[in-house]
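Read off the chains here:
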Amino acid sequence: AMKRHSVLIIVFIVLALLLVACSSPEAQQPSSDNARLTGKTVELDVEAKQWEFTPDTITVNKNDRVILHITSVDVTHGFALDAYDIRESLDPGRTVTVDFIANKAGEFPFYCSVFCGQGHGQMRGKLVVKE
């Protein structure tokens, strides 16, 4: 009976160690308030014109604060980044500032959300957020 008791204790210790080792890394991440402090600020000018965004790929690191100054140079366009619930109308000649924390890693499409002519469907880009 003593030997069986020792085996149970060892099994319990191994399981406890595995549980600790495999716990989600999310638990060790800072809270979202602290996340604002861990990244740097990336500020970019983005131009919208028929039928493209320049630049069309924006690369940042996770938890960076992203500030985009988006200007339409010709007609009314839109800027939509669904992953971050961003949707803005871009009137010609006016700059719209979009400011958010890139707290999700991955590649996220953005696109023109206002019909702007025959090339509208191709007017897109992507936000790349590196882990």
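Residues numbered from 1 in each chain as written. Predicted model: local features only at pLDDT ≥ 70, side-chain atom pairs only at ≥ 80, totals over all residues. Heavy atoms only, no water.

Bringing the overall build of the protein chain into the picture now. A tally of helices and strands in the protein chain yields two helices and nine strands. Its helices and strands in sequence order give the protein chain the pattern α-α-β-β-β-β-β-β-β-β-β, from N to C terminus. Per-residue burial for the protein chain yields a buried fraction of 31% across its 131 residues. A fraction of 62% describes how many contacts in the protein chain between residues 6 or more apart in sequence connect residues 24 or more apart. For the protein chain, the exposed area adds up to about 8400 Å²; of that, 56% sits on carbon and sulfur atoms. (Helix = DSSP H or I, 4+ residues; strand = E, 2+ residues; numbered from the N terminus. Buried < 20%, exposed > 50% of the residue type's maximum accessible area, 1.4 Å probe, protein only. Contact = heavy atoms within 4.5 Å. Areas by Shrake-Rupley, 256 points an atom, 1.4 Å probe, with all protein chains shown as cover.)

With that settled, consider the packing of aromatic side chains. Tallied over the full model, the rule gives five aromatic pairs. Relative to F79, the ring of F53 lies with its centre 5.8 Å away and its plane at 85 degrees, an arrangement referred to as edge-to-face. Placement of the pair is F53 in strand β2 (residues 52–54) and F79 in strand β5 (residues 77–81), with a sequence separation of 26 residues. On the basis of relative accessible area, F53 is assigned to the buried category, the value being 2%. (Phe/Tyr/Trp six-rings, centres within 6.5 Å; stacked < 30°, edge-to-face > 60°.)

A word on the state of the cysteines. Counted under the stated rule, the structure contains zero disulfides. In this structure C112 is not part of a disulfide, and its nearest cysteine sulfur, from C116, lies 3.9 Å away. Assessed through its relative accessible area of 3%, C112 is described here as buried. (Disulfide = S-S within 2.5 Å.)

Okay, the pairing of β5 next. Consecutive residues of a regular strand have side chains that alternate between opposite faces of the sheet. Most of β5 is tucked away: five of the five residues are buried. Residues of β5 alternate between two faces, with H77, F79 and L81 on one and G78 and A80 on the opposite face, all of them buried. The pairing of β5 with strand β6 (residues 86–90) spans five bridges and is classified as antiparallel. Bridged to A80 within β6 is R87. In this antiparallel pair of consecutive strands, β5 and β6, the connection spans four residues, and D85 shows a positive phi of 55 degrees. (Pairing = 2+ DSSP bridges.)

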